[in-house]
Amino acid sequence: MTTLGLIGLGRIGAFHAETLSNLPEVSGLVITDERPDVVAEIAAKYGATPADSVEALLTSGVDGVVVAAATPAHAELTLAAVGKGLPTFCEKPIASTAADSIRVAEAITRSGVPVQVGYQRRFDAAFAAVKQAVDAGSVGALHTVRSTTMDPAPPPMSYIEGSGGIFRDCAVHDFDVLRWITGQEVVEVYATGSVQGDPLFADYGDVDTAAIVVRFDGGALGVVSAARYNARGYDCRLEVHGFDDTVVAGWDQGVPVRNADSAVEFPTGQPHHFFMDRFTEAFRTELSEFVRVVQGGPILGATVSDAVAVAWIAEAATESLRRGTPVRIEEVVK
Ligand SMILES: NC(=O)c1ccc[n+]([C@@H]2O[C@H](COP(=O)([O-])OP(=O)(O)OC[C@H]3O[C@@H](n4cnc5c(N)ncnc54)[C@H](O)[C@@H]3O)[C@@H](O)[C@H]2O)c1
């Protein structure tokens, strides 16, 4: 049996606490956060053991660590866990910037300690089926891969301020999926965006809506759409077009669209509300696979090197938005 530590108990940390406390292979959960009241509340709710500090958690005898704190803390918390030799799951991204991701990745490589990064779409059954179809060759050469992520409403503006912007915070999921599905590397990015919601987005140098065109080295073109205000629901879709076939994920009965064609009865379900209900099962599988990593198994999810590659795509997109021109990855990689 495996005992895990969980650092960070905000939106996703509290959700991971619930998931981890329900995994039969997790025999104990030690939790901490900068906010002691939240630690006490979550400990009571899920029967977890509270720790007074990160150091107390890391030295409590846990076998592995889940880092779900705010993004600016990821690098140092992950390195602290790895420094104790503890296999670590870090929510995306592994650091606030791509340059810092490199520093973290190098330290992790030197340590030899396994680190899995939280890109849960890889564990969604539909996304995984698309990957299988592409790998099996039935789709043929890929020409267009389209990934959409639209949140029903933005997180608190205090979160947005420290998030690094829509490309580093949100579109990284799309970049990870497109890289993973195509098996190709991105060479060039053109990103544009707008602010029509809270003006604070502009104050933070961020946008609430973005469109990104991505060129891959194997010839595929990627089109990413991201938005923070999409009242119909959480819209997360993947559409993969090849010369021989088209496969999609996310076109289930809960896809949050209102079909204007009265002759078509689709979709019929309740629209997905947010990432937590859309990816509940994927998060469970992802964390369950992390327990296997702690027990000595291979990393089936995103690795640190995947996270670094994705961080450079986000960096190029951020720079492209600033310049208003396409940006090649080689221009931003340091
Ligand atoms: N995989 C996904 O789909 C997904 C979804 C949402 C968030 N995330 C990632 O998870 C992270 C957290 O997001 P959130 O929405 O839960 O944020 P949040 O602001 O709701 O919560 C962050 C928590 O971290 C705590 N914290 C900050 N620094 C800390 C430190 N040094 N030590 C201990 N606790 C600390 C805060 O007190 C807070 O409780 C972000 O990095 C985000 O990118 C991933």
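Up top you'll find the structure we're talking about.
Residues numbered from 1 in each chain as written. Predicted model: local features only at pLDDT ≥ 70, side-chain atom pairs only at ≥ 80, totals over all residues. Heavy atoms only, no water.

## Regarding the overall build of the protein chain
Counting secondary structure elements, the protein chain contains 13 helices and 13 strands. Taken over C-alpha atoms, the radius of gyration comes to 20 Å for the protein chain, in line with the 20 Å a tight globule of 334 residues would show. Overall, the C-alpha framework of the protein chain stretches about 55 × 50 × 45 Å when taken along its three principal axes. Taken across its 334 residues, the protein chain has 54% of its residues classed as buried. Of all intrachain contacts in the protein chain linking residues separated by at least 6 positions in sequence, the fraction that spans at least 24 positions is 71%. Carbon and sulfur atoms provide 52% of the accessible area of the protein chain, an area that totals close to 14,100 Å². (Helix = DSSP H or I, 4+ residues; strand = E, 2+ residues; numbered from the N terminus. Rg over C-alpha atoms; globule rule 2.2 N^0.38 Å. Buried < 20%, exposed > 50% of the residue type's maximum accessible area, 1.4 Å probe, protein only. Contact = heavy atoms within 4.5 Å. Areas by Shrake-Rupley, 256 points an atom, 1.4 Å probe, with all protein chains shown as cover.)

## Some words on the site of the ligand
Taken together, 24 residues lie around the ligand, and Arg11, Asp33, Arg35, Thr71 and His74 are the ones closest in. Ile12 is positioned with one of its backbone polar atoms (N or O) 2.9 Å from an oxygen atom of the ligand. Contact distances for the ligand include 2.9 Å between an oxygen atom and a side-chain N or O atom of Lys92. The protein chains hide 86% of the 860 Å² of surface that the ligand would expose on its own. Looking at the shell around the ligand, the elements that each hand over two or more residues are α1 (11-21) and α8 (166-182). Here the residues of the shell around the ligand sort into 11 nonpolar, 6 polar and 7 charged. (Near = heavy atom within 4 Å. Polar contact = N/O pair within 3.5 Å; in protein donor to acceptor, adjacent residues only side chain to side chain. Nonpolar A, V, L, I, M, F, W, Y, C, P; charged D, E, K, R; others polar.)

## What to know about unusual backbone geometry
Put simply, Lys92 and Pro93 share a cis peptide bond, and its omega is -15°. Omega for the peptide link from Phe266 to Pro267 comes to -5°, which places this bond in the cis form. With respect to the helices and strands, Pro267 occurs in the loop between β12 (246-249) and α10 (275-278).

## Section: the pairing of β12
Of the two faces of β12, the one lined by Val247 and Ala249 is fully buried and the one lined by Thr246 and Val248 carries no buried residue. Relative to β12, strand β11 (residues 235-242) is paired through 4 bridges, and the arrangement is antiparallel. Each residue of the ladder has a partner; that of Leu238, found in β12, is Ala249. Remark: 3 residues form the turn of the hairpin made by β11 and β12, two consecutive strands paired antiparallel. (Pairing = 2+ DSSP bridges.)

## Regarding the sheet that holds β12
Spatial strand order, β12-β11-β7-β10-β9-β8-β13: 7 strands in an open sheet with mixed pairing. Each edge of the open sheet carries a strand with a single partner, namely β12 and β13 (327-328). Examined bridge by bridge, strand β8 (residues 186-194) and β13 share 2 bridges and lie antiparallel to one another. Opposite Glu188, over in β13, you have Arg328 as the bridge partner. Relative to strand β9 (residues 209-216), α8 is tilted by about 30°, and along the sheet it contacts β7 (142-150), β8, β9, β10 (221-227) and β11. (Axes fitted to C-alpha atoms, helices over the stretch in contact; angles between N-to-C directions.)

## A word on the pattern of salt bridges
Taken as a whole, this structure holds 25 salt bridges when the rule is applied. The partner of Asp306 in a salt bridge is Arg179, with the nearest N and O atoms 3.0 Å apart. Here the residue Asp306 occupies a position in helix α12 (residues 304-323), and Arg179 occupies one in helix α8, the gap between them amounting to 127 residues. On the basis of relative accessible area, Asp306 is assigned to the buried category, the value being 14%. Ionic contacts of the salt-bridge type, sharing partners, join the residues Arg122, Asp176, Arg179, Glu185 and Asp306 into one network. (Salt bridge = Lys/Arg side-chain N within 4 Å of Asp/Glu carboxyl O.)

## Considering the packing of aromatic side chains
What the rule picks out here adds up to 9 aromatic pairs. Between Phe275 and Phe283 the ring centres are 6.3 Å apart and the planes differ by 70°, which places this aromatic pair in the edge-to-face class. The class for Phe283 is buried, based on a relative accessible area of 1%. Through a chain of ring-to-ring contacts, three or more aromatic side chains come together here, namely Phe15, Phe127, Tyr234, Phe274, Phe275, Phe279 and Phe283. Above the face of the Tyr159 ring, Arg11 is positioned so that its terminal group lies 5.0 Å from the ring centre. Arg237 extends its terminal NZ or CZ atom over the ring of Trp251, reaching a point 4.7 Å from the ring centre. (Phe/Tyr/Trp six-rings, centres within 6.5 Å; stacked < 30°, edge-to-face > 60°. Lys NZ or Arg CZ within 6 Å of the ring centre and 35° of its normal.)

## Looking at the environment of Thr246
As for its position among the elements, Thr246 is in strand β12. Given a relative accessible area of 39%, Thr246 falls into the partly exposed group. Between the C-alpha atoms of Thr246 and Ser138, which are 108 residues apart in sequence, the distance is 9.2 Å. Each residue touching Thr246, except ones within four places of it in the same chain, is listed here: Val240 and His241. Of note is the side chain of Thr246, whose polar atom sits 3.1 Å from the side chain of His241.

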